Amino acid sequence: MNQVALITGASRGIGRGVALDLAAAGWNLVVNYANNKTAADDTAECSIEHARSAGHEICAKTCQGDVGQSKDRDRLVSFVRNQFGRLDLLVNNAGITSIGRSDLLEASEENWDALMAINLKGPFFLSQLVGNWMIEQNKLDSSLRGKIINISSISSDAVSINRGDYCIAKAGLRMVTKLFAARLADAGINVYEVRPGIIASDMTEPVKNKYDKMINEGLTPIRRWGQPGDVGKAVVALAQDYFPFTTGDVFNVDGGFTVRRI
Ligand code: NAP
């Protein structure tokens, strides 16, 4: 049987890019989404076509669920169990940007809570659910070594004073990655953080002009927008076990954003 990946927020953007690349590598998929069923169905159909073009037959299913809600996370993991009976990879990708992008001195508690539920609490408790299942799988068959990949952001380190909650949630994901890496290593489960830079998606569309200008002016040594497929390729490399002796670590996919220049 093909390996199985659950990708949160895979209806659009980076999650969709990850789905297409995993499909091309022969993975079965569960495409999670919050609201946009049409886009999720499209990701699933395109994934199957991508896989076929690469010579693989895969199964791609969609499952609605808000990762910020406990009952939805339970339902999502039960769905994977019922459909496939195994899980080899969780990609914690679903996320929202800072609601209203308010200045630090005006940001509201209500918007903080909404963002933290999706961007930080969701990945933590989904990793907990899935981690327990992956430990069970590993006990039954030691060749089954699950993986968890958290999609964070350059915002886990670079500050944006009008998106404090987003930056803090992404910085928190750094610790989520290290904690689960330490806890799950004995069951052969590696946990990674993939840290994208500026990637073209619906999330960045409203700030496209700003980033166009910054990229043209040399913000990143690689002077272009990142694409969802850039993140997809990194996820596939990790998923396919090319880094078996690495866990808890960060993989930057950011066009060289962190290279300091003088
Ligand atoms: P996007 O284009 O806005 O897509 C967001 C995806 O997440 C959609 O599939 C959406 O589903 C889903 N989603 C939103 N809230 C959800 C929830 N509560 N439960 C489940 N799914 C939910 O965003 P993106 O740019 O691809 O970003 C994906 C991830 O990469 C995020 O974690 C983001 O922080 C991170 N990231 C993005 C960039 C960038 O430049 N774009 C850079 C660094 C990191 P629906 O279609 O149903 O709404």
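None of the values given here were measured: they were computed from a predicted structure.

Novice: In this structure, what is going on with a nonpolar patch on the surface? I would like to understand it.
Specialist: Among the surface-exposed residues, Leu 104, Leu 105, Val 159 and Ile 161 lie close enough to one another that they form a single nonpolar patch of about 500 Å² accessible area. Position of Leu 105 relative to the elements: it lies in the loop between β4 (89-92) and α4 (109-140).

Novice: It is not clear to me how the sheet that holds β4 should be interpreted in this structure. Could you clarify?
Specialist: Adjacent strands of a sheet pair through backbone hydrogen bonds, lying either parallel or antiparallel. As summarised here, the arrangement of the seven strands in space is β3-β2-β1-β4-β5-β6-β7, forming an open sheet in which the pairing is parallel. Each end of this open sheet is capped by a strand with a single partner; those strands are β3 (60-64) and β7 (250-253). Pairs of neighbouring strands in the sheet enclose a mean axial angle of 20°, with direction left out of account. Relative to strand β6 (residues 190-196), strand β5 (residues 147-151) is paired through five bridges, and the arrangement is parallel. Its bridge partner lying in β6, Ile 151 is registered against Val 194. Here helix α1 (residues 13-24) sits on the sheet and contacts β1 (4-7), β2 (28-33), β4 and β6; the angle it forms with β1, its principal contact strand, is near 170°. Packing against the sheet, α4 makes contact with β4 and β5, and its axis sits at approximately 175° to β4.

Novice: Help me understand the pattern of salt bridges in this model?
Specialist: Proximity of charged atoms lets side chains of opposite charge pair with each other. Scanning the entire structure with this criterion turns up 15 salt bridges. Asp 241 is the partner of Lys 147 in a salt bridge, and the nearest nitrogen-oxygen pair spans 3.4 Å. Residue Lys 147 is found in strand β5, and its partner Asp 241 is found in the loop between α7 (228-239) and β7; the two are separated by 94 residues along the sequence. The closest approach of N and O atoms between Glu 217 and Lys 213, which form a salt bridge, is 3.1 Å. Note on Glu 217: relative accessible area 57%, which makes it exposed. Here the salt bridges share partners, and the residues they tie into one network are Lys 71, Asp 72 and Arg 75.

Novice: Looking at this structure, how should I read the pairing of β5?
Specialist: Moving residue by residue along a regular strand, the side chains alternate between the two faces of the sheet. With respect to burial, β5 is a largely interior element, five of its five residues being buried. Residues Lys 147, Ile 149 and Ile 151 point to one face of β5 and Ile 148 and Asn 150 to the other, with burial holding for every one of them. Bridge analysis of β4 against β5 gives four bridges, and the strand direction is parallel. Residue pairing in the sheet places Val 91 in a bridge with Ile 149 of β5. Traced from β4 through α4 to β5, the parallel crossover comes out right-handed. In this view, the connection linking β5 to its parallel neighbour β6 by way of helix α5 (residues 164-184) has right-handed handedness.

Novice: Would you explain the packing of α1 against α7 in this entry?
Specialist: For any two helices packed against each other, the geometry comes down to the angle between their axes and how far apart the axes lie. Taken N-terminus to C-terminus, the directions of α1 and α7 make an angle of 50°; their axes are 7 Å apart at the nearest point. On the basis of the axis angle, α1 is oblique to α7. For the pair α1 and α7, the crossing hand works out as right-handed. Counting all contacts with α1, which are made through Gly 13, Ile 14, Gly 17, Val 18, Asp 21 and Leu 22, the residues of α7 involved are Pro 228, Gly 229, Val 231, Gly 232, Lys 233, Val 235, Val 236 and Ala 239. Classifying every residue of the contact of α1 with α7 gives eight nonpolar, four polar and two charged.

Novice: How do you make sense of the state of the cysteines when you look at a structure like this?
Specialist: Covalent bonding between the sulfur atoms of two cysteines defines a disulfide. In total, this model carries zero disulfides according to the counting rule given. Of all cysteine sulfurs in the structure, the one in Cys 63 sits closest to Cys 59, which takes part in no disulfide; the separation is 13 Å. Residue Cys 59 is classed as partly exposed on the basis of its relative accessible area of 27%.

Novice: Would you mind going over α1 with me for this structure?
Specialist: Side chains three or four residues apart in an α-helix point the same way, a direct result of the helix having 3.6 residues per turn. An ideal rise of 1.5 Å per residue puts 16 Å on twelve residues; α1 measures up with 17 Å between its terminal C-alpha atoms. For α1, every residue scored as buried is listed here: Ile 14, Gly 15, Gly 17, Val 18, Ala 19, Leu 20, Leu 22 and Ala 23. Those residues of α1 that are buried lie in contact with β1, β2, α2 (37-53), β4, β6 and α7. Count one or two residues on from α1 and you reach Gly 26, which has phi positive near 95°.

Quick notes on the rules
Residues numbered from 1 in each chain as written. Predicted model: local features only at pLDDT ≥ 70, side-chain atom pairs only at ≥ 80, totals over all residues. Heavy atoms only, no water. Patch = residues over 30% accessible without salt bridge, like charges linked within 9 Å, V, L, I, M, F, W, Y side chains within 5 Å. Areas by Shrake-Rupley, 256 points an atom, 1.4 Å probe, with all protein chains shown as cover. Salt bridge = Lys/Arg side-chain N within 4 Å of Asp/Glu carboxyl O. Helix = DSSP H or I, 4+ residues; strand = E, 2+ residues; numbered from the N terminus. Pairing = 2+ DSSP bridges. Axes fitted to C-alpha atoms, helices over the stretch in contact; angles between N-to-C directions. Contact = heavy atoms within 4.5 Å. Buried < 20%, exposed > 50% of the residue type's maximum accessible area, 1.4 Å probe, protein only. Right-handed = clockwise from strand over helix to strand, strands pointing away. Parallel < 35°, antiparallel > 145°, perpendicular 65-115°, else oblique. Left-handed = near helix turned anticlockwise from the far one by under 90°. Nonpolar A, V, L, I, M, F, W, Y, C, P; charged D, E, K, R; others polar. Disulfide = S-S within 2.5 Å. Expected span 1.5 Å × (residues − 1).

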